[in-house]
Amino acid sequence: ADRLEGVSDFETALHEMIKKTIKDHKHIIFNGNGYDESWIREATEERGLLNYRTTADCMPHLLDKKNVEMLTSHGVYTEAELKSRYEIMLDNYCKAIIIEANTMADMARTEIIPAVESYTLELAKTAALKRTVDAALVCRYESTLIRKLSVLTDEMAIRTEALEEVLLKLQETDCVLKQSYQIRDTLLTKMSELRVACDEAETLTAKKYWPFPTYGDLLFGVS
């Protein structure tokens, strides 16, 4: 603002300042694919940048000495306020993920698994009725789908139980930092594993049985 105020040719001064800023800071600008692993390697190995992948990794660094000194020296926070803020933010993170995990387990156990079971039952009845008409019918479609859905039902049940076990263990941890590490190392993995099984079941289950809007409904549906 100081450089641009009172200049006779604002547009020229603005563009000159933009060019200078880009030249001065070009070494820290990355114009490639920020989601690609090659950028991670460049950032960490060549540029020496930090790469904290999870909230549990990031949050404790709020209390790094350099951060505390910077924020307290400018009167933004006191050290006590920073510690309080760190604990509250980490606690909120843990509670949010735990709520999500409990909701996920509940959805799988009380809605998704029963829906898949109901559809599997319909397929079995359909195959049985077809064979009453002609015992030689193979009913390959129904038989194949029943096997796939039965395997997925077992996987969802097992993974839901595993998720619930981790949630119970989290209740035994009274340190919010340790809890965040358990979430990072175990809970998120169990949630992801259950998600994979549920997503596959969604692609095989008849729409009228599936208890939630599909991805297609969410992305392209108009009501």
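Every value quoted in this text rests on a predicted model; they were computed, and no experiment measured them.

### Quick notes on the overall build of the protein chain
Helix and strand counts for the protein chain stand at eight helices and zero strands. Listing every helix and strand of the protein chain by position from the N terminus yields α-α-α-α-α-α-α-α. In terms of overall size, the protein chain is more extended than a compact globule, its C-alpha atoms giving a radius of gyration of 27 Å where 223 residues would be expected to give roughly 17 Å. Seen through its principal axes, the protein chain has C-alpha atoms that stretch 90 × 50 × 40 Å. Going through the 223 residues of the protein chain one by one, you find that 25% of them count as buried. Taken as a whole, the protein chain presents about 15,400 Å² of accessible surface, with 56% of it coming from carbon and sulfur. Positive and negative side-chain charges in the protein chain, numbering 28 and 38 respectively, have mean positions lying 4 Å apart.

### Thoughts on unusual backbone geometry
Glycine aside, a negative phi is what most residues show, and trans is what most peptide bonds show. Backbone geometry places cysteine 139, a non-glycine residue, at a positive phi of 55 degrees. Tracing the backbone shows cysteine 139 in the loop between helix H5 (79–133) and helix H6 (140–171). Residue cysteine 139 is classed as buried on the basis of its relative accessible area, which comes to 8%.

### Section: the packing of H5 against helix H7 (residues 176–204)
Across the interface, H5 lies against H7 with an axial gap of 10 Å and an inter-helix angle of 25 degrees. Of the possible angle classes, the one that applies to H5 and H7 is roughly parallel. In the packing of H5 onto H7, the handedness of the crossing is left-handed.

### A few points about the nonpolar core
The biggest cluster of nonpolar side chains holds 29 residues, and the ones touching the most others in it are Val116, Met156, Leu163, Ile183, Leu187, Met191 and Leu194. Elements represented by at least two residues in this core include exactly H5, H6 and H7. Per-element tally for this core: the top contributor is H5, with twelve residues. When residues no more than four places from it in sequence are discounted, the contact partners of leucine 194 are Met104, Ala108, Met156, Arg159, Thr160 and Leu163.

### Points about the packing of aromatic side chains
Under the definition given, this model contains two aromatic pairs. With a centroid separation of 4.0 Å and 20 degrees between ring planes, the pair formed by phenylalanine 30 and tryptophan 39 is classed as stacked. Ring centres of tyrosine 119 and tyrosine 209 lie 5.5 Å apart, and the angle between their planes is 40 degrees; this geometry places the pair in the tilted category. Within this pair, whereas tyrosine 119 is found in helix H5, its partner tyrosine 209 is found in the loop between H7 and helix H8 (215–220), the two being separated by 90 residues in sequence. The exposure class assigned to tyrosine 209 is partly exposed, which follows from its relative accessible area of 22%.

### Quick look at the pattern of salt bridges
According to the stated counting rule, one finds 14 salt bridges in the structure shown. Here glutamate 79 makes a salt bridge to lysine 83, at a shortest N to O gap of 3.8 Å. Residue glutamate 79 and its partner lysine 83 are located together in helix H5, separated by four residues, close to a single helical turn. Given a relative accessible area of 42%, lysine 83 falls into the partly exposed group. With a shortest N-O distance of 2.9 Å, aspartate 199 and arginine 195 are connected by a salt bridge.

Scoring rules and cut-offs
Residues numbered from 1 in each chain as written. Predicted model: local features only at pLDDT ≥ 70, side-chain atom pairs only at ≥ 80, totals over all residues. Heavy atoms only, no water. Helix = DSSP H or I, 4+ residues; strand = E, 2+ residues; numbered from the N terminus. Rg over C-alpha atoms; globule rule 2.2 N^0.38 Å. Buried < 20%, exposed > 50% of the residue type's maximum accessible area, 1.4 Å probe, protein only. Areas by Shrake-Rupley, 256 points an atom, 1.4 Å probe, with all protein chains shown as cover. Lys, Arg positive; Asp, Glu negative; His and termini not counted. Charge placed at Lys NZ, Arg CZ, Asp CG, Glu CD. Axes fitted to C-alpha atoms, helices over the stretch in contact; angles between N-to-C directions. Parallel < 35°, antiparallel > 145°, perpendicular 65-115°, else oblique. Left-handed = near helix turned anticlockwise from the far one by under 90°. Core = buried A, V, L, I, M, F, W, Y, C linked by side-chain atoms within 4.5 Å. Contact = heavy atoms within 4.5 Å. Phe/Tyr/Trp six-rings, centres within 6.5 Å; stacked < 30°, edge-to-face > 60°. Salt bridge = Lys/Arg side-chain N within 4 Å of Asp/Glu carboxyl O.

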